[in-house]
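Chain by chain, the residues run as shown.
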Amino acid sequence: MVKHIILWTLNPELSEQEKETVKQGIKEGLESLKGVVPGLLDITVNISRRLPSSNCDVMLDSTLASPAALQAYATHPAHVAVADTKVRPYTVQRTCLDYEC
């Protein structure tokens, strides 16, 4: 299995209300991929209860069946659509950690 963890920082030019709307859209979009993308075993997007010590806005925590499943997830049309419409237009920084477990 593979853990795929992403941390995003939202564009600071967004208002607090816009940030909340964007975070909800990211959560709904990415979590809707479970059962759609083969090999995606679990996916959770954390957008709440962030402590003041945090320096990012959104966390994706996902588990995939294998490194090959991670590669397929990255290019799956449903994932690309969510990334292109709900994530990339609103984020300014992305940090990724992938590891086998």
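Quantities reported herein were computed from a predicted structural model and do not represent experimental measurements. (Residues numbered from 1 in each chain as written. Predicted model: local features only at pLDDT ≥ 70, side-chain atom pairs only at ≥ 80, totals over all residues. Heavy atoms only, no water.)

J.: Please clarify how the side chain of K3 should be interpreted in this entry.
T.: When you line up the elements, K3 lands in strand β1 (residues 2–10). We classify K3 as buried; its relative accessible area is 15%. Reaching out from K3, the side chain makes a polar contact with the side chain of D61 at a distance of 2.7 Å. Ignoring any residue separated from it by four or fewer positions in sequence, one finds K3 in contact with D61, S62, T63, L97, D98, Y99 and C101. (Helix = DSSP H or I, 4+ residues; strand = E, 2+ residues; numbered from the N terminus. Buried < 20%, exposed > 50% of the residue type's maximum accessible area, 1.4 Å probe, protein only. Polar contact = N/O pair within 3.5 Å; in protein donor to acceptor, adjacent residues only side chain to side chain. Contact = heavy atoms within 4.5 Å.)

J.: In this structure, what is going on with the environment of A81? I would like to understand it.
T.: Relative to the helices and strands, A81 resides in helix α3 (residues 77–87). Along the primary structure A81 and G29 are separated by 52 residues, whereas in three dimensions their C-alpha atoms are 9.1 Å apart.

J.: What is the right way to read the nonpolar core from this model?
T.: Soluble, globular proteins show a tendency: their nonpolar side chains are buried together. Counting residues in each nonpolar core, the largest one holds 22 residues, and the members touching the most others are W8, I26, L30, L60 and Y73. Secondary-structure elements contributing two or more residues to this core are β1, α1 (16–31), β2 (40–46), β3 (58–64), α2 (67–75) and α3. For this core, the element with the most residues is β1, which contributes four residues. With sequence-adjacent residues up to four places away left out, W8 is seen in contact with I26, L30, C56, D57, V58, L60, V87, T91, Q93 and R94. (Core = buried A, V, L, I, M, F, W, Y, C linked by side-chain atoms within 4.5 Å.)

Shape descriptors only; they carry no functional weight alone.
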